[in-house]
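Here is how the chains run, residue by residue.
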Amino acid sequence: MKQLPPSSDRRAYLFALILSIVLISNEERGVAAPGDELAFFNDEILPLLKENCLKCHGGEKIKGGLQLTSRNSILHGGDSGPAVELRDPESSLLLDMISYRDSDHEMPPKGKLDAADIQRVTKWVAMGVPYDPAHEVQSKAYEEESSGYLTEVNEETRNYWAFRTIEQPVVPEAAFDGWDENPLDAFVAKRLADVGLKPNEPATRQQLIRRAYYGLIGLPPTLEEVEAFERDESSDAFERVVDHLLSLPQYGEKWGRHWLDLVRYAETNGYERDGPKPEAWRYRDYVIKSLNDDKPYDVFVREQLAGDELDEVTTETIIATGYQRMGVWDDEPADPDQAYYDGLDDVVSTTSQVFLGLTVGCARCHDHKIDPIPQRDYYRMMGFFHNTLNDIKQGPFKKSPYTLNTLREIASEAQREEHDRLRKEHEASLESLEDQVDAFETKIIATFSNPEKEDAADRRNRELLLRQKREKALNETELENYLEAKKNLQQLKHKKLPRIDSALSIQENGRTTPDTYVLVRGNAHGKGEMVRPGYPSVLGFRDPVIPPAPDGVASSGQRSVLADWITSPENPLTARVMANRVWYFHFGRGIVRSPSNFGQNGERPTHPELLDWLASTLIKKGWSLKKFHKTLMLSKTYQMSSAPNTASLEKDPTNDFFWRFDMRRLTAEEVRDSIINLTGKLNLKMGGPSVYTDIPDEVRATASRPDNAWGESALEERWRRSVYVYVKRSLHEPMLKAFDSADTDSTCAVRFATTVPTQALTMLNSKFVNDSAAAFAQRLVDEAGDRREDQVRLGLSLATNRRASAAEVEAGMKMIEEIEHTSDLTKSQALERFCLLAINLNECIYLD
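Residues numbered from 1 in each chain as written. Predicted model: local features only at pLDDT ≥ 70, side-chain atom pairs only at ≥ 80, totals over all residues. Heavy atoms only, no water.

Here we come to the overall build of the protein. The helix and strand inventory of the protein stands at 37 helices and six strands. With respect to the three principal axes, the spread of C-alpha positions in the protein is 110 × 105 × 60 Å. Looking at the protein residue by residue over its 848 residues, the buried ones come to 50%. Total accessible area computed for the protein in this model is approximately 41300 Å², and 51% of it derives from carbon and sulfur atoms. (Helix = DSSP H or I, 4+ residues; strand = E, 2+ residues; numbered from the N terminus. Buried < 20%, exposed > 50% of the residue type's maximum accessible area, 1.4 Å probe, protein only. Areas by Shrake-Rupley, 256 points an atom, 1.4 Å probe, with all protein chains shown as cover.)

Rendered as structure tokens:
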């Protein structure tokens, strides 16, 4: 072997060697050198294009979306797809259209090119359509669609606020007395002072503890807890309340519901049949447990993207990958390949919005119209997920036996051994009973005549003959044993073994990944340029190097590379996006009001320095969400009153500068859980398969298959928290839907609180609320006795989390008395009407 030159000369030597190989290869294949290609284009092709093509495919108005004035525009193609197929030049649409083989393939329209011209175009296509840059022109329309793909991102775009590296800003001096203890407050105070606003006074103790309880666990405090906090004058009283709430398991349920909104959690696939996603509830329980354990956010993200590719793969990390299986899925697609890429689009779009705050999905069919995200970047990001298993005959894996709803066993070795033991016992019992039945039936068949034996070849005839002959062929004891064995055999055949634990999770097709192509117009059948997995180019990161997966791992390792990049402190988006989300869930709106869109079509941050401080703080605190909660909740900004102020409302009616805490209505889950809590029947059981509430027949009838649309749960199970209610895409739980529960067809970043008549009707007339009012009334009787005044006082205190005033108690008693005298209702029914009123109090379902 030839000795390599010294290291200082190796790079130049290798470059020269590769270039010589390429030139020799081109010469052998008859391929022209670059200079010859351009000469051929200028001398032979350009005159042809000018004379026959550019009038319709080179001016301001481009016919069929096809422009022939640059190589990129030719490869990009028009409405019918790429004009040239580099991998298979002979199949190129351009050659087909100039063939004049039928009336649909006649270009140019004025007449067919002569044979020599067709040969020139064919040779040009075979050469890879070289185009002299001096003659390349882009139309305005094409530049608008493809500028991100064709040009480098300009410096102004790269310096866009969301794309800059996160650096902790200098904390400003506090503009108001006492607003310097928490740096968060200093940033807010500075903005308020800059615009001539002052912060509100602190909220009352009762308002603050109620705000904290609902904010962290989604349930109200008891009157005793409120009054204990009101009496506690220590400086760390509220901090201890926050610590207590963060330690409760209900914290994970409350904040888990926020996360489930983002990842479009549902337990069915959508579309007409809306079939179930088996074991989806395990992902919900994983989220709740992770938050209760204060799992660092970067680990939480990494597990969901690549939990099956980590150095230590556990049952929990396998379940975590169920995130990628939560989207809608068509189980009977008209176009399986297109449906496969629709499924990948769901994962790409959700991942980019939830973790990065970017709408990468908008670049599926063309370059992003607003943000600097070329179509190429969409497919580069899709490449990280392209190796995941898919439905039979979908996508590139035509022989895959798996479905998109991939189930993976997660049972322990002991569970598997127990399952094997039960299976073997079951099989042995079946074999024993079958032998017994066969022995008796052999004796009966022996009594058949020859014609009967021939008839017995048919199973139905055989059974009929066995019934007719058994009493003569068997004695009384034998007949009794035969019938008993047959009955036991049938029962055993229908007996199902306990299912071995499994999880809805991600799984790849092996270590080798398929090629990923830009799909023209997003069409699965229109392959364009081949791309490799990569990150949004606007962020300026180097293309990833995908290391081979460890031995024994049947996966590509691509998703773990993506997960590491997303959770890297160097990523400018991840920490900003999550810090903004937590702020939004506490304050009712984000510092960026569009939490999943940090792009140029989203809202700008009202407090950019504060957001950067929060993002850097989240990272410095080890990505601990519980510590981050405390940072927000112990601030004066969080503890302000929500009371209106005329002067401030005039200057800042939408509270952009946070001069007060925004009042809000309880979420759908909080409304339902609070109503059940008033009855005293709230079941705090955690985890496990989802439960079914009692829904009206009219709602059930809206499903495509009403009889199979909804299940039944025991009464005590129906009183469980709303996070455990079954989530069906085509049939919504009425109470939750009335109060704006999340849309599960795609990621839900913001729940918009509507105010519509159906909410009032639901709160007054629904079976659930009226049954709850009756149970609430019974609780008042049980706990307050028969004295009406005590019942009213207790009812108002439970509904408002404070002691009722004498005037309020008197008004409640007067209402009950009027109902009794003016309506044909009993005392207990009148009390139920009062309880219905208490449930509907604004103070009960709104939060100051």
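What follows covers the packing of helix H15 (residues 297–306) against helix H23 (residues 558–566). Two elements in contact, H15 and H23, have axes whose closest approach is 9 Å; the angle formed by their N-to-C orientations is 160 degrees. One way to sum up the angle between H15 and H23 is to call them roughly antiparallel. Considering the relative orientation of H15 and H23, their crossing is right-handed. Contacts between H15 and H23 involve Val301, Arg302, Leu305 and Ala306 from the first element and Arg559, Ser560, Ala563, Asp564 and Ile566 from the second. Looking at the contact of H15 with H23 residue by residue, the class counts come to five nonpolar, one polar and three charged. (Axes fitted to C-alpha atoms, helices over the stretch in contact; angles between N-to-C directions. Parallel < 35°, antiparallel > 145°, perpendicular 65-115°, else oblique. Left-handed = near helix turned anticlockwise from the far one by under 90°. Contact = heavy atoms within 4.5 Å. Nonpolar A, V, L, I, M, F, W, Y, C, P; charged D, E, K, R; others polar.)

Let us now look at the packing of helix H25 (residues 608–620) against helix H26 (residues 625–633). Between H25 and H26, the least distance of the axes is 9 Å, while the angle of their chain directions is 145 degrees. Seen along the crossing, H25 lies across H26 with a hand that is right-handed. On the side of H25, the interface is formed by Trp613, Leu614 and Leu618, while H26 contributes Leu625, Phe628, Thr631 and Leu632. In terms of residue class, the contact of H25 with H26 is made up of six nonpolar, one polar and no charged.

What follows covers unusual backbone geometry. At the junction of Met107 and Pro108, the peptide bond is cis and its omega measures out at -5 degrees in the coordinates. Assignment of secondary structure puts Pro108 in the loop between helix H5 (93–97) and helix H6 (115–126). Even without being glycine, Asp274 reaches a positive phi, approximately 50 degrees. Here Asp274 is to be found in the loop between helix H13 (250–262) and helix H14 (281–292). Residue classification places Asp274 among the buried residues on the basis of a relative accessible area of 3%. At Asn655, a residue that is not glycine, the phi angle is positive and equals roughly 55 degrees. Here Asn655 falls in the buried class, since its relative accessible area comes to 2%.

Among the surface-exposed residues, Glu431, Glu434, Asp435 and Asp438 lie close enough to one another that they form a single negatively charged patch. For Glu434, the location among the structural elements is in helix H19 (residues 413–445). Look at Glu434 and you get partly exposed, because its relative accessible area is 32%. (Patch = residues over 30% accessible without salt bridge, like charges linked within 9 Å, V, L, I, M, F, W, Y side chains within 5 Å. Salt bridge = Lys/Arg side-chain N within 4 Å of Asp/Glu carboxyl O. Lys, Arg positive; Asp, Glu negative; His and termini not counted. Charge placed at Lys NZ, Arg CZ, Asp CG, Glu CD.)

Take the side chain of Arg282 next. Summarising the element assignment, Arg282 is placed in helix H14. Residue Arg282 is classed as buried on the basis of its relative accessible area of 14%. Residues within four places of Arg282 in sequence aside, it is in contact with Ile319, Ile410, Asp501, Ser502 and Ala503.

With that out of the way, let us pick up the packing of aromatic side chains. In total, this model carries 36 aromatic pairs according to the counting rule given. Judged by centre distance (6.0 Å) and plane angle (45 degrees), the rings of Phe229 and Phe238 are tilted. Comparing Phe229 with Phe238, the two get one shared label, buried. Residues Tyr297 and Phe300 carry aromatic rings whose centres are separated by 6.5 Å and whose planes lie at 45 degrees to one another, so their mutual orientation is tilted. Of this pair, Tyr297 and Phe300 both sit in helix H15, three residues apart, which is roughly one turn of the helix. Among the aromatic residues, ring-to-ring pairing joins Trp259, Tyr283, Tyr286, Tyr297, Phe300, Tyr323, Phe355 and Trp623 into one connected group. Positioned above the aromatic ring of Tyr323 is the side chain of Arg264, whose terminal nitrogen or guanidinium carbon lies 5.3 Å from the ring centre. (Phe/Tyr/Trp six-rings, centres within 6.5 Å; stacked < 30°, edge-to-face > 60°. Lys NZ or Arg CZ within 6 Å of the ring centre and 35° of its normal.)

Let us now look at the confidence of the model for the protein. In the predicted model, the protein carries a mean pLDDT of 88, and the fraction of residues at 70 or more is 91%. A low-confidence stretch, residues 138–152 stays under pLDDT 50, and its non-local contacts, those more than four residues away or across chains, total 31 contacts. Considering only residues more than four positions removed or in separate chains, one finds that residues 391–404, a stretch of pLDDT under 50, has 44 contacts. (pLDDT = per-residue confidence, 0-100.)

Next up on the list: the nonpolar core. Grouped together as the largest cluster of nonpolar side chains are 123 residues, with contacts concentrated most on Trp259, Tyr283, Phe355 and Leu614. If you tally residues by element for this core, the top one is helix H24 (residues 574–587), at nine residues. Tyr283 has contacts with Trp259, Leu260, Val263, Tyr265, Gln304, Ile319, Ala320, Gly322, Tyr323 and Met326, leaving out every residue within four places of it along the chain. The next biggest cluster of nonpolar side chains, apart from the first, holds 33 residues, and it includes Ile675, Phe739, Ala799 and Leu831. (Core = buried A, V, L, I, M, F, W, Y, C linked by side-chain atoms within 4.5 Å.)

Secondary-structure assignment places Arg672 in helix H28 (residues 668–679). Residue classification places Arg672 among the buried positions, given a relative accessible area of 2%. With residues near it in sequence (within four places) discarded, Arg672 still touches Thr693, Arg718, Arg720, Arg721, Ser722, Val725, Met735, Leu736 and Phe768.

Okay, H24 next. Between its first and last C-alpha, H24 extends 20 Å over 14 residues, near the 20 Å set by a 1.5 Å rise per residue. Burial of H24 is extensive: 14 of the 14 residues sit out of reach of the surface. (Expected span 1.5 Å × (residues − 1).)

Along its 12 residues, H28 runs 18 Å from first to last C-alpha, staying within 8% of the 16 Å computed at 1.5 Å per residue. Residues of H28 that are buried include every one of Ala668, Glu669, Glu670, Val671, Arg672, Asp673, Ser674, Ile675, Ile676, Leu678 and Thr679, and no others. Note on H28: the residue one or two positions beyond its end, Gly680, has a positive phi of about 80 degrees.

Before going further, it helps to examine the environment of Thr122. With respect to the element layout, Thr122 can be found in helix H6. Once the C-alpha coordinates of Thr122 and Glu90 are considered, the two residues, 32 residues apart in sequence, prove to be 7.9 Å apart.

One can find Ile500 in the loop between helix H22 (476–494) and strand E2 (502–504). Given a relative accessible area of 22%, Ile500 falls into the partly exposed group. A C-alpha to C-alpha distance of 19 Å links Ile500 and Arg284, two positions 216 residues apart in sequence. Contact partners of Ile500, with chain neighbours within four places excluded, come to Glu409, Ala411, Arg416 and His419.

On to the pattern of salt bridges, then. Scanning the entire structure with this criterion turns up 70 salt bridges. Residues Arg559 and Glu309 are paired through a salt bridge, measuring 3.5 Å at the closest nitrogen-oxygen approach. Of this pair, Arg559 sits in helix H23 while Glu309 sits in the loop between H15 and helix H16 (315–320), and the two are 250 residues apart along the sequence. Of the two residues, Arg559 and Glu309, both sit in the buried class. Asp790 is the salt-bridge partner of Arg793, the closest N and O atoms lying 3.6 Å from each other. Separated by three residues within a single helix, Arg793 and Asp790 lie in helix H34 (residues 788–800), roughly one turn from each other. Given the relative accessible area of 30%, Arg793 is considered partly exposed.

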